[in-house]
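In case you want the letters, here they are:
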Amino acid sequence: MSIFVGKETRLLVQGITGREGSYHTSRCIEYGTNVVAGVTPGKGGQLFADKVPVYDTVKHAVLDTKANTSLIFVPPAFAGEAIIEAVDSGIETVICITEGLPVSDSIKVCDYVKRSGAKLIGPNCPGIISPVDNVKAGIMPGHVYAPGRVGVVSRSGTLTYEAVGQLTPLGIGQSTCVGIGGDPVSGSDFVDVLNLFEKDDFTDAIVMIGEIGGTKEQEAAEFIKSEVSKPVISLIVGQTAPPGRRMGHAGAIITGTAALASSKVKSLEQAGAFIVPSPADIGSTTKQALEKN
Amino acid sequence: MSIFVGKETRLLVQGITGREGSYHTSRCIEYGTNVVAGVTPGKGGQLFADKVPVYDTVKHAVLDTKANTSLIFVPPAFAGEAIIEAVDSGIETVICITEGLPVSDSIKVCDYVKRSGAKLIGPNCPGIISPVDNVKAGIMPGHVYAPGRVGVVSRSGTLTYEAVGQLTPLGIGQSTCVGIGGDPVSGSDFVDVLNLFEKDDFTDAIVMIGEIGGTKEQEAAEFIKSEVSKPVISLIVGQTAPPGRRMGHAGAIITGTAALASSKVKSLEQAGAFIVPSPADIGSTTKQALEKN
Amino acid sequence: MKLHEYQAKALLSKHGVPVPRSEVISSLSEVRQSAQNFNGKCVVKVQIHAGGRGKSGGVKLVDSVDMAEEVAGQLLSKNIVTHQTSPEGVPVNDLLIEEALNVSKELYLSILVDGGLGKVIVMASEAGGMEIEQVAEDTPDKILRVVVDPNVGLMSYQARDLATGLGIDKKLHSQFIKLLLNTYEAFIQTDCSLIEINPLAITSQGELLAIDAKASIDEDALFRQTDESLQYDSRQEPQIEKLARTSGLSYVKLDGDVGCLVNGAGLAMATMDVTMAAGATPANFLDVGGGADVDKVHKAVEILLSDPGVKKVFVNIFGGILRCDVVAEGIVAAAKASKTPVPPIVVRMLGTNAEEGRKILKEANIGVYLVNDFTEATKTIKSLS
Amino acid sequence: MKLHEYQAKALLSKHGVPVPRSEVISSLSEVRQSAQNFNGKCVVKVQIHAGGRGKSGGVKLVDSVDMAEEVAGQLLSKNIVTHQTSPEGVPVNDLLIEEALNVSKELYLSILVDGGLGKVIVMASEAGGMEIEQVAEDTPDKILRVVVDPNVGLMSYQARDLATGLGIDKKLHSQFIKLLLNTYEAFIQTDCSLIEINPLAITSQGELLAIDAKASIDEDALFRQTDESLQYDSRQEPQIEKLARTSGLSYVKLDGDVGCLVNGAGLAMATMDVTMAAGATPANFLDVGGGADVDKVHKAVEILLSDPGVKKVFVNIFGGILRCDVVAEGIVAAAKASKTPVPPIVVRMLGTNAEEGRKILKEANIGVYLVNDFTEATKTIKSLS
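Heads up: these notes are all about the structure in this document. Predicted model, so just to flag it, every value in this text is computed and none were measured.

What counts, and where the lines are drawn
Residues numbered from 1 in each chain as written. Chains lettered and ligands numbered in written order. Predicted model: local features only at pLDDT ≥ 70, side-chain atom pairs only at ≥ 80, totals over all residues. Heavy atoms only, no water. Helix = DSSP H or I, 4+ residues; strand = E, 2+ residues; numbered from the N terminus. Rg over C-alpha atoms; globule rule 2.2 N^0.38 Å. Contact = heavy atoms within 4.5 Å. Areas by Shrake-Rupley, 256 points an atom, 1.4 Å probe, with all protein chains shown as cover. Lys, Arg positive; Asp, Glu negative; His and termini not counted. Charge placed at Lys NZ, Arg CZ, Asp CG, Glu CD. Buried area = accessible area lost by both parts, 1.4 Å probe. Salt bridge = Lys/Arg side-chain N within 4 Å of Asp/Glu carboxyl O. Polar contact = N/O pair within 3.5 Å; in protein donor to acceptor, adjacent residues only side chain to side chain. Buried < 20%, exposed > 50% of the residue type's maximum accessible area, 1.4 Å probe, protein only. Expected span 1.5 Å × (residues − 1). Pairing = 2+ DSSP bridges. Axes fitted to C-alpha atoms, helices over the stretch in contact; angles between N-to-C directions.

Moving on, we get to the overall build of chain A. Counting its regular elements, chain A contains 9 helices and 14 strands. For chain A, whose C-alpha radius of gyration is 18 Å, the value lies close to the compact-globule estimate of 19 Å for 293 residues. Oriented by its inertia axes, the alpha-carbon framework of chain A measures out at about 55 × 40 × 30 Å. In chain A, the proportion of contacts linking residues at least 24 apart, taken out of those at least 6 apart, comes to 71%. With an accessible surface of roughly 9,900 Å², chain A has 52% of that area assigned to carbon and sulfur atoms. Seen as two clouds, the 25 positive and the 30 negative side-chain charges of chain A have centres 1 Å apart.

Here it is as structure tokens:
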């Protein structure tokens, strides 16, 4: 079992015929994901990789293929609308890989999705992978992952691969790995994912990877304190980042005391999380935490 | 018992110091309404009629007086915002008397109120009166009304007084009378009010007064057919109105076949409503309907 | 507030919606030059605030400058009567001289407010060029509807859905999407209550163009609309309605002989219905409003009496905010000031200060018939025929 | 994207927010005339993209034209160092010469995006003129917050609530409400990520004015912002960052000697942290991104090596979309093309085509230390000190 995606996932890819879209769709299919349709306006009627039907509109794709999950690769100026199109067409879980959405678009779109009752992961995220159910709806390198009982949630892409790259060789497999994305405003935050992991019978512990900027980690700490019974292993990166500078991610900028790595670590420590002292220690700290429990 | 308002109503008046606001607040108090506060920005600290405290903001008024219902008399350019201020401050039922809100404001505001879970009556309505509970939150002439077991709902102001003016002399008192307003877009429609009357143990029958324009009466007919067990007595005015012309009310304009009085009458007839043949017959038709049941 | 076709097209064009080349002219001397722009191959269209102009000869295709001038001469400065105008018709002050185009397909497109949904909707149909009410009756499944969420506005994916549903060639989809989104922008920016493009033409060159356009501005939003090109053409309005409007009265001129003076729009419509049921026909809709004073009532009566068609008057007041004695005083003042004979006035007064009002009227001796209810009113009106 | 104070004020002023009279000057010869506008009573302010200019002598109140000229001479065309700049500081290319005002009260006002809420918020405080972080620490209850619903925008009632909460004199409420709503309009229209007015002054004449203003534009929205007055001043940026930016690389210059080349922002920060934990200091943040090709990696290495502070390089790649062999080829190409001696390069490669990458690097003989994990990387970096 896994969260957000699973055996019942019928994946639609918006922007399937683009460079990124087509490359990653192939990787998702290889991993075992049930990709049922693609959408690229104007390219409707084609077949992707000789088998996945391409549509002009999400509405038609959903009507024809009963897709329930969407993976979005469209350019930033159109990504917000692509999310709304997915939700309006009945898609339940939307995963937006696109980086570079204007934050005012994200604010409106996230609010819209919340009202609709659908779920949104991202934007600017690597997606979701469930090694247990062989579903990959994202851009992560599938071979790093192994099935198991640890959930991973992170604001970062490659750093998640790093984390998993430390876990798998130690025999620690993953239930689901969720990248919530590096933007300041996103569809799902740590709290949303922690909540699902806490309720997931197939997850025993949660690795949470945060970074400087914003207060999402502090909100997570509050939630962990009161609602999470499973062990949480947490790493915060950006200890050495200077204030006021954007470190790649739109959200990774120290704008005040709360945005500092040290402040986030402190909150998580007080919430009872296992703190990973250095990015080198994600695997070992997780191992210790699992042995302790 | 009554709907929307009742013994527990603690009324706040927004725009209490204006000409209309002050006149009607006095009339509401005379009728027995518990007016607990008023709001006029810049006039906070005054007392209205030597007893009702006036505040600068709804937030403070609600904090101090636990007002739960608001009656709005502010000019059309500011009325939309006044409604949102009321809802944001925790008011549960907002009654907007103001006429002349731009329809695009009404669309946004009604959507906002719906999402908030509060109730909105109007804009451009005469308000609500409950002769049973001695609550008048509106501009209707109180002396016409008498307590009883018939609910009245109407898009029009004076025509409601006319209707009640025919009912009361025949000994047919009213539980609650609701003016939903003459605008094309409003917070509550016939369906919302019919639904409350149907559930209200103190209402035996419903007089519904519609007019040309829009399709609110057709929606009401659908609802009556499937959900209303109590007798509905219905009058539609504007049989003689020419197409394409706005008859006073912003919503009273025949824009297509459905907007015609005849089309509305037909729908209501098919839904099993008692049709009032002419405005002269509201009282007599209601009497017959009550005797039949 | 209705706009003329040329104003609607200027509005659309300003927001990037393609329209045919055209010129508005208001004197015959301008016709030749305008028509020459199109080598005489053009359409001459009367600019009036009433539907049905096509069937009434108000739209003519011409193929020479001479013919354009001849047709313009027949139309300009005359009144035109359509099924939506009064028997006198409306004046033709302006003509639109527009290029004639080779149209390969006509679509229907409109944006309006749906009161039931409380939202803006887009309606589209492949049955362009026809009245949408007719299409709705005959082939309702040919009408596509899209509901706009007020928080995010019209989405281009919705426009794409419509393009697909209308069967528009894929090559033209982006043109259609842009046109519709621009029309929506015009609608929102200008506080419209309606924009209708009918037909929306696809030319033989594969271009989308608004061949005819209607637009109405929400009157309640005029206070924040400052664009001078959106001026109302009050010449299209009967003189009596213009007078009422500038006096703050809600008045609609009708063809009957019973002048109606009522407070409240709903009661005013009810009064018209009752009048009709009595076998008489109302001369107007008139709502004096809740906040009227003696002067306003005086003005209202004066306006009623200025209509030569009015042979009797029906005053129906349910005093609430508006007191009956105030109305009575206004009526008396107007009757006394009238330079023409005052027709019989049937008065029904109920509610606040009804007794005082009746007394004032009785004592004024101006030929008033006081009645108590609709039934009595009906009888009296009938007896006066 | 940061704007200068004078740009932020121009933006505010354009949207109707009152600001003091001022002039931007960029040469000493302009100072006297500017200062004369205010009879010499003015404030001379350096226009730089870094906080802390006041404490570093970048803001001076003068009371004569001569003094203005003297102060300007000390500041203009020099570098200024604040606690937020590098030790070399940033260049002062422009000065703002602004009228000095009699201020009776200083407030704080800002509009920004709250990531946790996913909404725009307004923050205000009666403790104006101080850094808001300090106020948040010392007297958090002095900070008022208002959350803006994205669907209806900032409401004037919210502004009124703030005016009341800030204890502003009722006579000034409407001025404050207008100022805040206008600031919000500027924020939304221009896709800002921050507007901060600190202090917002109430003058002794009872006028509200933005005495100092900061604004940043959302870089991701620049594609739809066409206002030319919102240009970024790239002279404020270290040359090396400018070069990286124009090559599409995300690069932040730091003070250490270990040049870092990483794919992914999170991993890049992690790499910096690991470097620091090893007792070394990173020279930069550099994310080559997921879609890099050989040329882009080549360029990235070239930029790293152009920093004279870089004594060793740490390449940390987790191949995913970006293949390790591509990175290796880029490194080799850059090393071979380098005109200066190439410092030792510690390389960690995992993921897609890691073996191929390592092989390419080994065979190129360019002084690469291949490591397998962070621990080994740390040791190697240490050993190279």
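Attention shifts here to the interface of chain C and chain B. Across the boundary between the two partners, chain C contributes 45 residues, which contact 52 residues of chain B. A combined buried area of about 3,700 Å² lies between chain C and chain B, and 60% of that area is made up of carbon and sulfur atoms. Connecting chain C to chain B are 2 salt bridges. Between E162 of chain B and R348 of chain C there is a salt bridge; the shortest N-O distance is 2.7 Å. Applying the counting rule to chain C against chain B returns 11 residue pairs in polar contact (both at pLDDT 80 or more). When contributions to the side of chain C that touches chain B are tallied by element, the ones reaching two or more residues are β8 (119-125), α4 (132-138), β13 (250-253), α8 (265-277), β16 (312-319), β17 (345-351) and α12 (374-383) of chain C. Counting residues per element, the side of chain C that touches chain B draws most heavily on α8 of chain C, which supplies 9 residues.

Between G122 of chain A and P123 of chain A the backbone carries a cis peptide bond, its omega angle lying at 5°. A cis amide bond links N198 of chain C to the next residue, P199 of chain C, at an omega of 5°. Looking at the secondary structure, you find P199 of chain C in strand β10 (residues 192-203). Even without being glycine, N124 of chain B reaches a positive phi, approximately 60°. Among the structural elements, N124 of chain B can be located in the loop between β7 (119-121) and β8 (127-130). Exposure remark for N124 of chain B: the relative accessible area of 11% places this residue in the buried category. Although it is not a glycine, S77 of chain D sits at a positive phi angle of roughly 65°.

This next bit is on helix α6 (residues 173-189) of chain C. Residue and element names in this part refer to chain C. For α6, with 17 residues, the first-to-last C-alpha span of 24 Å sits near the 24 Å given by 1.5 Å per residue. Listed in full, the buried residues belonging to α6 are H173, F176, I177, L179, L180, N182, T183, Y184, A186 and F187. In the segment just after α6, D191 is the residue with positive phi, at about 55°.

Within a sheet, neighbouring strands are paired by backbone hydrogen bonds and run either parallel or antiparallel to one another. Residue and element names in this part refer to chain D. Pairing in this open sheet of 4 strands is antiparallel, and the strands run β1-β6-β2-β3 from one edge to the other. This sheet does not close on itself; its edge strands, each paired only once, are β1 (22-25) and β3 (59-63). The average angle at which neighbouring strand axes cross in this sheet is 20°, direction not considered. In this structure, β1 lies alongside strand β6 (residues 95-99), joined through 4 bridges in antiparallel fashion. Each bridged residue has a counterpart across the sheet, and for I25 the counterpart in β6 is L95. Strand contacts of helix α1 (residues 5-14): β1, β2 (41-46) and β6, with the helix running at about 50° to β6, the strand carrying the most contacts. Lying over the sheet, helix α3 (residues 65-75) contacts β2, β3 and β6, oriented at roughly 160° with respect to β3.

Moving on: the environment of I83 of chain A. Inspection of the secondary structure puts I83 of chain A in helix α3 (residues 76-88). Once you skip the residues sitting within four places of it in the chain, I83 of chain A turns out to touch I72, V94, C96, V109, V113 and L120 of chain A.

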